[in-house]
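Structural overview
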Amino acid sequence: MDIERKVAVITGASQGIGAALVKAYRDRNYQVVATARSIGPSDDDDVLTVSGDIADRQTAERAITEGMSWFGRIDTLVNNAGIFIAKPFTQYTEADYAAIVGVNITGFFHITQLAIAAMEMQHSGHIVQITTSLVDHARSDVPAVLASLTKGSLNAATKSLAIEYAKHGIRVNAVAPGIIKSPMHPIETHAQLDAMHPVGHMGEVSDIVDAILYLESASFVTGEILHVDGGQSAGH
Ligand SMILES: NC(=O)c1ccc[n+]([C@@H]2O[C@H](COP(=O)([O-])OP(=O)(O)OC[C@H]3O[C@@H](n4cnc5c(N)ncnc54)[C@H](OP(=O)(O)O)[C@@H]3O)[C@@H](O)[C@H]2O)c1
């Protein structure tokens, strides 16, 4: 075990932004704990994969406990796992509500609590939530109250945690994306989604990765909700 090397835990790491984050942190020589339901073993000795539902505390316990025992420390947690269900408010089902609260809120709660306990032992750490710019600019053509309810809560919790742990050497930030070209959005929807951004196009996965890597190195930045949204939160 090399105690000089940093360790990042990435949730929702099987595809999209999460899979790109695993690669980006490995490129920075971090060791990585990558978790998602469908993730398989990695052939990279510096990537530990943990498969499971992030809403289940046991998944979080395995990710943090096995990460500590394999790599010896936890420096960064990226709460990237998330689901998005857009519907008129009255059409949301109880199953929709349970699913989105389970992944976006309960998932955040379990693994963040366990990661912070590990970070406190070394008096340092960094946590990033991926939220959404929709929280700040609701749209009549994208009814998504459960996205606002859950991701808005994460924005608020980001500030609360940042203040609670500021003197413990643990920074807490969020990235609020616009609409990003990930597997979440089929290619045939892209033209319509491009038009929803003041800059005239969707974001790339690399735009979100770059923002997280900036926050990783920004030692004086905590409690920040960094919008990476092609101008959406500024206006239309
Ligand atoms: N793409 C966008 O336009 C956009 C915009 C704003 C915010 N975001 C946020 O960015 C984050 C990543 O989005 P993305 O575009 O990369 O989405 P994605 O391609 O749909 O990937 C979502 C990831 O979350 C994991 N996940 C979903 N449910 C899970 C569960 N119950 N337990 C564990 N893992 C679960 C998935 O893995 P498994 O299916 O293998 O479990 C997958 O790895 C999400 O939090 C999303 O809300 C995305």
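Look a little higher up for the structure.
Residues numbered from 1 in each chain as written. Predicted model: local features only at pLDDT ≥ 70, side-chain atom pairs only at ≥ 80, totals over all residues.

**Considering the overall build of the chain**
Across its full length, the chain carries six helices and seven strands. Each helix (α) and strand (β) of the chain, taken in turn from the N terminus, gives the series β-α-β-β-α-β-α-β-α-β-α-α-β. Computed over its C-alpha atoms, the radius of gyration of the chain comes to 17 Å, within 12% of the 18 Å expected for a compact globule of 236 residues. Burial status across the chain gives 43% buried among its 236 residues. (Helix = DSSP H or I, 4+ residues; strand = E, 2+ residues; numbered from the N terminus. Rg over C-alpha atoms; globule rule 2.2 N^0.38 Å. Buried ≥ 20, exposed ≤ 12 C-beta atoms within 10 Å, placed from the backbone.)

**With respect to the environment of S124**
In this structure, S124 sits in the loop between α3 (94-122) and β5 (125-130). Overall, the presence of 15 C-beta atoms within 10 Å leaves S124 in the partly exposed class. With 15 residues separating them along the chain, S124 and F109 place their C-alpha atoms 19 Å apart. In this structure S124 touches D75, M119, G169 and I170, once residues within four positions along its chain are discounted. (Contact = placed C-beta atoms within 7 Å.)

**Brief notes about helix α6 (residues 205-217)**
Between its first and last C-alpha, α6 extends 19 Å over 13 residues, near the 18 Å set by a 1.5 Å rise per residue. Of the positions making up α6, those classed as buried are V205, I208, V209, A211, I212, L215 and E216. Taken down its axis, α6 places every buried residue within 160° of arc, on the same side. Buried residues along α6 sit against α1 (16-27), β4 (76-79), β5, β6 (170-177) and β7 (225-228). (Expected span 1.5 Å × (residues − 1). Arc of directions from axis to C-beta.)

**Here's the deal with the nonpolar core**
Counting residues in hydrophobic clusters, the biggest one holds 65 residues, and the most contacted among them are I10, L21 and A115. Here the element with the most residues in this core is α3; it accounts for eight residues. Not counting chain neighbours up to four residues away, the residues in contact with I10 comprise G18, L21, V22, Y25, V32, A34, V78 and N80. (Core = buried A, V, L, I, M, F, W, Y, C linked by C-beta atoms within 7 Å.)

**A closer look at the pairing of β4**
Here β4 shows two buried faces, one formed by T76 and V78 and the other by L77 and N79. With three bridges joining them, strand β1 (residues 7-11) and β4 adopt parallel strand pairing. Bridge assignment links I10 to a residue of β4, and that residue is V78. Across four bridges, β4 lies against β5 in parallel orientation. Paired with V78 across the bridge in β5 is V128. (Pairing = 2+ DSSP bridges.)

**Some points on the site of the ligand**
Neighbouring the ligand are 29 residues, the closest being G12, G16, R37, G82 and S182. A total of three residues in the shell around the ligand trace back to one element, the largest contributor, which is α1. Considered class by class, the residues forming the shell around the ligand number 16 nonpolar, eleven polar and two charged. (Near = placed C-beta within 6 Å. Nonpolar A, V, L, I, M, F, W, Y, C, P; charged D, E, K, R; others polar.)

**Re helix α2 (residues 57-71)**
With 15 residues, α2 extends 21 Å between its outermost C-alpha atoms, agreeing within 8% with the 21 Å of an ideal straight helix rising 1.5 Å per residue. Considered for burial, the residues of α2 that qualify are T59, A60, A63, I64, G67 and F71. The arc enclosing the buried residues of α2, seen along the axis, measures out at 125°, which places them on a common side. Set apart from the buried face of α2 by more than 90 degrees, the exposed residues are Q58 and S69. Where α2 is buried, its residues meet β1, β2 (31-36), β3 (47-51) and α3.

**What to know about the packing of α1 against α6**
Relative to each other, α1 and α6 sit at 50°, their axes nearing to 9 Å. Here α1 lies oblique to α6, going by the angle between them. In this structure, the crossing between α1 and α6 has a hand that is right-handed. Here G16, I17, A20, L21 and A24 of α1 lie close against α6, whose contacting residues are V205, I208, V209, I212 and L213. Of the residues that constitute the contact of α1 with α6, the class distribution is nine nonpolar, one polar and no charged. (Axes fitted to C-alpha atoms, helices over the stretch in contact; angles between N-to-C directions. Parallel < 35°, antiparallel > 145°, perpendicular 65-115°, else oblique. Left-handed = near helix turned anticlockwise from the far one by under 90°.)

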